Amino acid sequence: MKTLKYKKLGIFLTLSMLAFSCMNLEELNINPNGVDPASGHPNLLLATVQTQLGKNVVGLGFGDLAGVVQHTQKDGWSSGHNDYDWASQGQSWTPFFEALRTNDEMIKKSEQLDLPHHKALGLIMKSYLFGMIADLWGDAPFSQALQGEKGDEASLKPVYDSQRDIYMGILADLETANELLIGSGPSIPSTQDVYYRGDIMKWRKFANSLSLRYLMRISNKEAAVSKAGIEKIVANPGQYPIILSTADDTRMSYIGATPENSWPSNTVFDKSTSGNYNRIKVAETLVEALKSLKDPRIAVYAEPIQIPLVVEPTWADDRDEIIDGVRHVAQNIADDYEANWGEELNTATDYIGLPTSSPAGGAYNLNPDLAQGTLNPHCSQLNPMYKEAVGALLQARLMSASEVHFILSEAAMKGWAVGGQKEHYEAAIKASLESWRIASAYDSYIAGGGKYDGTLEQLIEQKWIASWTAASEAWFDYRRTGLPKLETGPYAKRQAIPLRFYYMQDEILLNTTNVNSAIDELEQSSFAAPDPKNSAWSKTWLLQGTGFPY
């Protein structure tokens, strides 16, 4: 992890952290994010792409995908987060292609200037960005993308590659990146490398760890390819080093100088009483899992409730008093609450999460302030550090030792030659606790709630817990395993967890033939209707024929 240097990188971050609105296809293919390709040096472009990528990861993993996997829920303006009410115009991939366009310029400049290490870093970030596009949407422009400067019809309206071919292309690019980094080349200036300050070995570990991620991603569809690829990497650590220590985690910290380069739930710049910090609550699903395991990460993720509730059956109706910091309410108040909202009061005294798609919303658990997205003294807020603009733990987490060990533990469970399943599982837990700076809790936790039981259910649950603020990976794991077992709430758009993003309407209007061909390749699940095939509940190639998650 390397903290961004504001003095040296501020101009680049300003360019990279702008909020982009939806653009038409010609703009998407031509505009290189405001950086003049004729004068932009790869060093300048590197920091720009890195910060764009980091913000995209947090935007999803701390945003609506955290709602999908029930890390968090919102008690105001919550339909997209809690209920998957994703607008019919579809989710935009513009931020990803903006970053890819700038990254493509970096790769081209690296080739022109004979900078093989810069090119390798470009290939790694290209792989990450296209990987997210394939993960989120399915088929997408890949081999013919980013050629809009040619100006012809085929370049402005690129064909879609299959999801499978994109994954295979990513794996090939990551292999090439590792090979380029083995060779000699001009160094990467430490001041321009947001992630690793020019440490080439760490970049190699990042590239090969991403290969492990995507090899496991396709394991239900391409088991032989996955097995051979993962075993090849593990068998030759000299050729294929991977992230096995938290010191090598791929992370990006925030500057905290402006709203655009600050943690998204901060109250330093967003002082509204119904801003992100007050509106986002830790989800009941996660809180109850952490409490049942006596997991020490609960204190890192969440804040204990401020005022516990006690129901007094013998009190006169409507009596409601706070006594010694505890709110006591008459039985009829509790009964009325349950009758109105269809859920019981939660009288826990430590941590209380917001139920999935809670009907009560801002009124949950007798919140005295009924406005949307306000402080609720009877429900756990996020840990107070998430009010800050910058902090030691406020980071975009792109790849981690914990994730790598979980992948290898799962591979061992399949009988692949990667080392011991238990050893990798325990190393994954240890790395997660270390990354959240509670390593001292490891011995007691691994002997207690985290004690190894050898099941996939436990492994994926622990990986889900560890992916806090990086929830995209938890969603992708859920889709291929059906774990952890997540239930939708009463207001959910469908009674099933969604599987993909909708193709956006701008793309359908401007690249009609190609996007319709991609839509034709989707498989409607029983939950897709009344959507057409372009549904969040349709299955991409990755899930078709697997029986997962439903």
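As a reminder, the structure under discussion sits directly above these lines.
In this text the structure is predicted, and so the values were computed from the model without any measurement. (Residues numbered from 1 in each chain as written. Predicted model: local features only at pLDDT ≥ 70, side-chain atom pairs only at ≥ 80, totals over all residues. Heavy atoms only, no water.)

Draft legend 1. Seen up close, the packing of helix H10 (residues 200–217) against helix H11 (residues 223–235). Put simply, H10 and H11 touch, their axes get as near as 9 Å, and they point 155° apart. In terms of their interaxial angle, H10 and H11 are classed as roughly antiparallel. In this structure, H10 crosses over H11, and the sense of that crossing is left-handed. Each of Asn208, Ser211, Leu212, Leu215 and Met216 in H10 lies in contact with H11, whose residues at this interface are Val225, Ser226, Gly229, Ile230 and Ile233. Residues that form the contact of H10 with H11 fall into these classes: 6 nonpolar, 4 polar and no charged. (Axes fitted to C-alpha atoms, helices over the stretch in contact; angles between N-to-C directions. Helix = DSSP H or I, 4+ residues; strand = E, 2+ residues; numbered from the N terminus. Parallel < 35°, antiparallel > 145°, perpendicular 65-115°, else oblique. Left-handed = near helix turned anticlockwise from the far one by under 90°. Contact = heavy atoms within 4.5 Å. Nonpolar A, V, L, I, M, F, W, Y, C, P; charged D, E, K, R; others polar.)

Draft legend 2. Quick look at the nonpolar core. Among the nonpolar cores identified, the biggest contains 139 residues, and Trp93, Phe130, Leu136, Tyr386 and Trp475 are the most heavily contacted of them. Of all the elements, helix H7 (residues 116–137) adds the most residues to this core, at 13 residues. Within the second largest apolar cluster, 15 residues are counted, among which are Ala334, Ala363, Tyr364 and Cys379. (Core = buried A, V, L, I, M, F, W, Y, C linked by side-chain atoms within 4.5 Å. Buried < 20%, exposed > 50% of the residue type's maximum accessible area, 1.4 Å probe, protein only.)

Draft legend 3. Quick peek at H7. Between its first and last C-alpha, H7 extends 31 Å over 22 residues, near the 32 Å set by a 1.5 Å rise per residue. Counting buried residues in H7 gives 20 out of 22 residues, a clear majority hidden from the surface. Positive backbone phi, approximately 110°, marks Gly138, located one or two places after H7. (Expected span 1.5 Å × (residues − 1).)

Draft legend 4. How the structure looks around helix H9 (residues 163–182). Look at H9: 29 Å from first C-alpha to last across 20 residues, which is about the 28 Å you get at 1.5 Å a residue. Inspection of H9 places Gln163, Ile166, Tyr167, Gly169, Ile170, Leu171, Asp173, Leu174, Ala177, Asn178 and Leu181 among the buried residues, and these make up the whole buried set. Elements in contact with the buried residues of H9: H7 and H10.

Draft legend 5. Representation of the sheet that holds strand E4 (residues 309–312) in the model. Pairing in this open sheet of 3 strands is mixed, and the strands run E4-E6-E5 from one edge to the other. Every interior strand has two partners, whereas the edge strands, E4 and strand E5 (320–323), have only one. Strand after strand, the sheet turns through a mean of 25° between neighbouring axes, direction not considered. Where E4 and strand E6 (residues 326–330) come together, 4 bridges link them in parallel fashion. Considered in E6, the bridge of Leu309 is made with Arg327. Running over the sheet, helix H15 (residues 331–341) touches E4, E5 and E6 and is turned about 85° from E6. (Pairing = 2+ DSSP bridges.)

Draft legend 6. Inspection of the pairing of strand E7 (residues 395–399) at higher detail. The buried fraction of E7 amounts to 5 of the 5 residues, a majority that puts the element mostly inside the structure. In this structure, strand E2 (residues 250–253) lies alongside E7, joined through 4 bridges in antiparallel fashion. Bridging from a neighbouring strand, Met252 pairs with Ala396 of E7.

Draft legend 7. A look at a negative patch on the surface. The grouping of Asp317, Asp318, Asp335, Asp336, Glu338 and Glu344 at the surface amounts to a negative patch. On the basis of relative accessibility, which here comes to 57%, the residue Asp318 falls in the exposed class. (Patch = residues over 30% accessible without salt bridge, like charges linked within 9 Å, V, L, I, M, F, W, Y side chains within 5 Å. Areas by Shrake-Rupley, 256 points an atom, 1.4 Å probe, with all protein chains shown as cover. Salt bridge = Lys/Arg side-chain N within 4 Å of Asp/Glu carboxyl O. Lys, Arg positive; Asp, Glu negative; His and termini not counted. Charge placed at Lys NZ, Arg CZ, Asp CG, Glu CD.)

Draft legend 8. Main features of the packing of H9 against H10. Look at H9 against H10: their axes get within 9 Å of each other, and the N-to-C directions meet at 160°. Taken as axis vectors, H9 and H10 run roughly antiparallel relative to one another. Crossing handedness for the pair H9 and H10: left-handed. Contacts between H9 and H10 pair Tyr167, Ile170, Leu171, Leu174, Asn178, Leu181 and Ile182 from the former with Ile200, Trp203, Arg204, Ala207, Asn208, Leu210, Ser211, Tyr214, Leu215 and Arg217 from the latter.

Draft legend 9. Structural detail: unusual backbone geometry. With an omega of -10°, the peptide bond running from Leu483 to Pro484 counts as cis. Looking at the secondary structure, you find Pro484 in the loop between helix H20 (471–481) and helix H21 (505–510). Backbone torsion omega between Phe548 and Pro549 reads -10°, so that peptide bond is classified as cis. Relative to the assigned elements, Pro549 resides in the segment after strand E9 (538–539). Even without glycine at this site, Asp114 takes up a positive phi of about 55°. Here Asp114 shows up in the loop between helix H6 (94–112) and H7. The exposed category is assigned to Asp114, whose relative accessible area is 58%.

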